[in-house]
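Coordinate inspection notes
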Amino acid sequence: MLVHSEPESFDLEDYLAAHERKSLLRFITCGSVDDGKSTLIGRLLFESKRLFDDQLAALERDSRKHGTQGGSIDFALLVDGLASEREQGITIDVAYRFFSTDRRTFIVADTPGHEQYTRNMATGASTADVAILLIDARKGLTRQTRRHALLVSMLGIRHVALAINKMDLVEWSEEQFDQIAAEFRAFATNLGFDQITAIPLAALHGDNVVEPSSQAAWYDGPTLLSYLEIVEVEQKADTEPFRMPVQWVNRPNADFRGFAGFVTSGRVRSGERVRILPSGLETSVAQIVTMDRELNEAVAGQSVTLTLSDEVDISRGDVIASVERQVQVSDRIEARLFWMATEHLKEGDQFLLKLGAAAVPARVVRVHHRIDLGLLESVPVSSLGANDVGHVVLALDQPVAFDRYTESRRTGGFILIDRESFDTVAIGLVDGAVVEQTVSPRVIRNNAPWAWIKWTGEQKRRSAVKAMSWRVIGSVATVGVAVVLTQDIRLAAAIGATEVVTKLVLYYGHERLWARIRYGLSVATGQHGGGPQSSSAN
Amino acid sequence: MIGGREAESVRDERRPAPHNSLSLDKELRSGLTHLDRLEAESIYIMREAVAESDNPVMLYSIGKDSSVLLHLALKAFYPAKPPFPLLHVDTTWKFREMIAFRDRRARELGLDLLVHTNPDGLARNIGPISHGSEVHTDVMKTQALKQALERYGFDAAFGGARRDEEKSRAKERVFSLRNAHHRWDPKRQRPEPWQLYNGRKRRGESLRVFPLSNWTELDIWLYIHRENIPIVPLYFAAERPVVERDGMLILVDDERLPLHPGEQPQRRAIRFRTLGCYPLTGAVESTAATLPDIIRETLEARTSERHGRAIDKDTAASMERKKQEGYF
Ligand SMILES: Nc1nc2c(ncn2[C@@H]2O[C@H](COP(=O)(O)OP(=O)(O)O)[C@@H](O)[C@H]2O)c(=O)[nH]1
């Protein structure tokens with residue numbers, strides 16, 4: 001086998017040390033079609049020297065063939081990789097690109113602006129630390145800017161660069177720039193961004209992309225690249241509570257039973273107590289196994305295999321978590337959904353929900369309302385259309401373990417999968433478990449107390465169990481009395497059986513009937529949101 | 001086993017850095033390096049794919065990316081063996097050293113290696129020299145791969161492709177769905193938020209899974225170095241017999257390569273940056289005989305570019321002027 005000789009003169013060790021010290025920043029770029037996004041990214045790649053000669057030669061050829069720049073280099077062509085994109089001159093799909101400077105390594109999710117492909121933008125945003133929102137200086141904020149800002153905020157991005165592009169076309173007007181920035185800040189007050197940095201740009205000419213522009217003497221902020229190099233994004237994953245969804249149970253032989261997974265947050269040491277969810281069993285970590293060595297500690301971002309000190313039943317989809325700050329477990333969740341399919345989402349629709357490594361059948365119990373992306377207002381609806389964001393309640397076939405999305409992205413985000421096409425049709429964020437029994441909001445709007453409501457609260461099996469718990473004790477007593485009085489076991493058994501059957505059926509039927517009648521129910525139980533919000537504060 | 005140098009984990013002592021080791025040490029303790037993160041992500045992807053498919057396979061092309069992929073598979077399922085076989089689609093025109101390396105690795109690791117060659121192609125004697133690269137590649141690679149996947153009924157296949165390789169690759173998902181005819185529909189790609197991969201598929205559909213999606217060529221080399229991963233010796237410079245064809249340096253790997261009248265193979269110091277069918281793969285002249293040399297070469301290619309541009313950037317003039325001066 002090949003044995004690599006140790007590094008000699010070239011200071012590879014130095015180089016590696018520097019390379020390893022670089023931090024990674026994931027960011028997305030979003031904007032409407034033609035705001036100049038592709039041009040901007042092409043420019044960033046070009047200026048950060050990520051282009052080789054052969055790529056440049058190809059770019060020149062393409063620019064002559066498809067370019068919009070009259071034969072000179074069209075940077076947009078660097079990034080529009082699909083044939084249909086080049087034909088239509090739009091970006092359809094999210095593309096991932098890589099470049100690095102001396103300070104940082106960057107992964108850019110270049111996401112499409114076209115409304116039809118917003119789902120691809122949401123994908124890029126789900127793992128990004130920073131978003132660059134591109135705005136055409138001539139047009140100012142558009143409906144699409146607002147949509148993107150909302151999605152970016154919803155998916156948990158806290159740092160936004162407002163890249164106001166094509167400043168050359170408005171004579172680098174400071175007034176125009178200030179006005180757009182102010183309008184955005186006003187719009188975004190409730191979106192929870194930590195920081196909004198507005199930068200005037202002309203991507204086509206490279207102004208303020210990498211080098212400061214000589215055109216805008218009034219601007220003394222960072223260029224876009226230096227912003228990306230210095231923006232501080234908290235790496236809070238390892239101060240969060242420990243979570244590891246189990247992906248794979250590793251059993252090479254009878255002596256080894258390991259649970260393989262990716263640590264999504266926090267850290268765990270060998271010997272530490274952990275809880276398995278949804279079962280709730282408590283045990284401790286015996287070993288943290290990797291092929292290289294056994295570790296004392298595993299931290300967020302590592303893929304490891306844990307062995308546990310007790311024989312507990314664990315399968316794929318379970319979560320191993322810290323004992324103190326627990327994961328929630330429920331079979332009913334409140335969630336925000338970003339709906340992506342063309343058919344509408346309706347109450348009663350069924351899907352497969354994938355969260356962490358768990359996949360369970362799920363049913364939409366209720367669609368509360370849709371968020372109007374332009375006005376940031378809730379609109380009551382009972383279905384969601386393509387690219388709508390709305391609040392829903394989902395009922396799951398089995399309880400799953402999760403966190404609220406605002407607390408943990410990787411254990412609070414999920415997808416819905418269509419049960420026939422198997423397409424991914426929705427992106428979801430868990431807001432919490434449905435703790436108390438809620439009544440359909442429709443009832444609240446409808447004031448007739450005798451309205452026959454769609455049953456959502458008590459499940460059938462609960463009614464059945466209630467009937468049994470109430471009736472069986474009574475029936476046992478009846479049988480006892482009958483035996484004493486009649487001295488005939490067969491007669492007593494017949495009496496008992498008749499009583500059990502008739503009363504069970506009657507009680508059950510009665511329960512089911514009343515579950516549909518609103519009379520006497522407190523309206524307050526219909527308020528959604530209050531319960532789950534307050535109950536899960538830790 | 002491949003063990004050589006052990007991969008660092010967060011907590012374990014690292015070799016001291018040559019300069020300002022104090023601050024460096026502190027930083028390293030607090031987090032994972034870029035390579036650590038890439039490795040963990042790839043392992044996560046492999047485990048997801050195996051858990052979500054019935055009959056997975058790894059496409060093993062013997063190149064450096066495949067070597068990294070295989071190494072990651074060993075890590076992902078350790079202490080178990082990777083729960084899937086390796087599949088090599090053999091065009092019969094691979095470098096001899098590649099085949100020797102392939103067989104040796106499979107034997108050493110005790111892995112299940114399947115080798116498939118398109119029998120129709122063999123019968124028709126299809127080859128790159130007689131039929132040209134296009135026909136050869138289509139029949140002996142593309143068709144052959146489909147045959148093999150269908151023959152064994154694989155529903156998920158790992159590949160070593162990277163997004164930085166090519167523009168359309170940059171748009172491909174980590175879990176890439178193929179219809180019953182193995183076609184990719186870029187408009188029907190599934191969103192993958194939070195690395196939640198959807199591995200469900202209908203009858204006849206299959207998945208291609210790309211655990212190295214987010215790696216760059218440089219990452220691959222740095223990782224091979226860090227993990228001491230065995231690779232085919234052809235990646236290292238040595239004196240080898242070559243002929244020059246259309247500006248490409250072609251290794252005379254066996255007697256099937258017809259020499260033009262009067263043509264004499266010359267011995268030159270060369271190495272390969274990628275490996276494929278030998279008559280279609282050009283070598284580069286190089287003296288990089290070790291991994292550090294290769295890494296330096298990769299970096300220097302970039303440095304010289306940077307140099308050229310650094311001069312241009314001295315003047316305040318932006319792209320505009322460079323264009324006017326006919327920069328491109
Ligand atoms: N004048 C001017 N034109 C620009 C600028 N940035 C982009 N453009 C042009 O705007 C058009 C759309 O750009 P493109 O990058 O394809 O937009 P995308 O659809 O957002 O990717 C192209 O014709 C660009 O040349 C700029 O800063 N100034």
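Attention here is on the structure that accompanies the text. Residues take numbers from 1 onward in each chain, read along the sequence in its written order. Just so you know, chain letters begin at A and ligand numbers begin at 1, following the order they were written in. Residue-level local features of this predicted model are given only where pLDDT is at least 70; pairs of side-chain atoms are given and counted only at 80 or more, and the full residue set underlies all totals for whole chains, interfaces and linings. Note that water and hydrogens are dropped before the side-chain values are worked out from all heavy atoms of the structure.

**Here we look at the nonpolar core**
Phe27, Ile28, Val152, Phe184, Leu224 and Leu228 of chain A are the most contacted members of the largest nonpolar core, which totals 81 residues. Here a residue-residue contact requires only that any non-hydrogen atoms of the pair lie within 4.5 Å. If we skip the residues at most four places from it in the chain, valine 152 of chain A touches Ile28, Cys30, Met121, Ala131, Ile157, Val160 and Phe193 of chain A. Definition of nonpolar core: a set of buried residues of the types Ala, Val, Leu, Ile, Met, Phe, Trp, Tyr and Cys, connected through side-chain atoms within 4.5 Å. Burial classes follow relative accessibility: with a 1.4 Å probe on protein chains only, a residue under 20% of its type's maximum area counts as buried, one over 50% as exposed, and anything between as partly exposed. Listed in part, the 72 residues of the second largest apolar core include Leu111, Leu212, Val242 and Cys277 of chain B.

**A word on the pattern of salt bridges**
Salt-bridge detection follows one rule: a side-chain nitrogen of Lys or Arg within 4 Å of a carboxyl oxygen of Asp or Glu. The full count for this structure, using the stated rule, is 40 salt bridges over all chains. Note that arginine 146 of chain A and glutamate 183 of chain A form a salt bridge whose closest N and O atoms lie 3.4 Å from each other. Residue arginine 146 of chain A is found in helix H7 (residues 143–154), and its partner glutamate 183 of chain A is found in helix H8 (residues 174–187); the two are separated by 37 residues along the sequence. For glutamate 183 of chain A, a relative accessible area of 32% puts it in the partly exposed group. The salt bridge partner of arginine 226 of chain B is glutamate 227 of chain B, with a shortest N-O separation of 3.1 Å. We note that arginine 226 of chain B, like glutamate 227 of chain B, is buried. Beyond isolated ion pairs, a larger network of salt bridges with shared partners links Asp292 of chain A together with Asp36, Glu39, Lys75, Arg226 and Glu227 of chain B. Helix and strand labels come from DSSP, where a helix needs a run of H or I of at least four residues and a strand needs a run of E of at least two; each type is numbered from the N terminus.

**Structural notes on the sheet that holds strand S6 (residues 206–209) of chain B**
Hydrogen bonding along the main chain pairs the strands of a sheet, whether they run parallel or antiparallel. Residue and element names in this part refer to chain B. Here, a strand pair is defined by DSSP locating no fewer than two bridges between the strands. Pairing within the open sheet is mixed, and its 6 strands lie in the order S3-S2-S1-S4-S6-S5. This sheet does not close on itself; its edge strands, each paired only once, are strand S3 (113–116) and strand S5 (175–178). Ignoring which end each strand starts from, the neighbouring axes of this sheet average 30 degrees apart. Where strand S1 (residues 56–59) and strand S2 (residues 86–89) come together, 2 bridges link them in parallel fashion. Within S2, the residue paired with leucine 59 across the bridge is leucine 87. Axis definition: a line fitted to C-alpha atoms, over the contacting stretch in the case of helices. Angles run 0 to 180 degrees between N-to-C directions.

**Description of unusual backbone geometry**
Across the junction of leucine 277 of chain A and proline 278 of chain A, the peptide omega takes the value 10 degrees, indicating a cis bond. Relative to the helices and strands, proline 278 of chain A resides in the loop between strand S10 (273–277) and strand S11 (282–289). Here tyrosine 78 of chain B and proline 79 of chain B are connected by a cis peptide whose omega angle stands at 5 degrees. Relative to the assigned elements, proline 79 of chain B resides in the loop between helix H3 (64–77) and S2. Its identity as a non-glycine residue notwithstanding, threonine 92 of chain B has a phi of 70 degrees, on the positive side. Note that threonine 92 of chain B resides in the loop between S2 and helix H4 (96–109). The exposure class of threonine 92 of chain B is partly exposed, given its relative accessible area of 28%. The backbone of tryptophan 194 of chain B sits at a positive phi, close to 50 degrees, despite the residue not being glycine. Position of tryptophan 194 of chain B relative to the elements: it lies in the loop between S5 and S6. For tryptophan 194 of chain B, a relative accessible area of 2% translates into the label buried.

**A look at the packing of aromatic side chains**
The relation between two aromatic rings is expressed through the spacing of the ring centres and the mutual angle of the planes. Stacked, edge-to-face and tilted labels apply to pairs of Phe, Tyr and Trp rings (six-membered ring for Trp) whose centres lie within 6.5 Å, assigned for plane angles under 30 degrees, over 60, and everything in between, in that order. Scanning the entire structure with this criterion turns up 21 aromatic pairs over all chains. For the pair phenylalanine 77 of chain B and phenylalanine 84 of chain B, a centre-to-centre distance of 5.9 Å together with 85 degrees between the ring planes defines the contact as edge-to-face. Phenylalanine 77 of chain B sits in the buried class, given a relative accessible area of 0%. Between phenylalanine 95 of chain B and tyrosine 278 of chain B, the ring centres sit 6.1 Å apart and the planes meet at 50 degrees, which makes this aromatic pair tilted. Remark: tyrosine 278 of chain B occurs in the loop between strand S9 (266–271) and strand S10 (284–285) and phenylalanine 95 of chain B occurs in the loop between S2 and H4; sequence separation between them is 183 residues. One exposure class covers both phenylalanine 95 of chain B and tyrosine 278 of chain B, and it is buried. Feature note: the residues Trp248 of chain A together with Phe77, Phe84 and Phe158 of chain B constitute an aromatic cluster, connected by ring pairs. Any Lys NZ or Arg CZ found within 6 Å of a ring centre and within 35 degrees of that ring's normal is scored as a charge over the ring. The cationic tip of arginine 146 of chain A hangs over the ring face of phenylalanine 187 of chain A; the distance from NZ or CZ to the ring centre is 5.6 Å.

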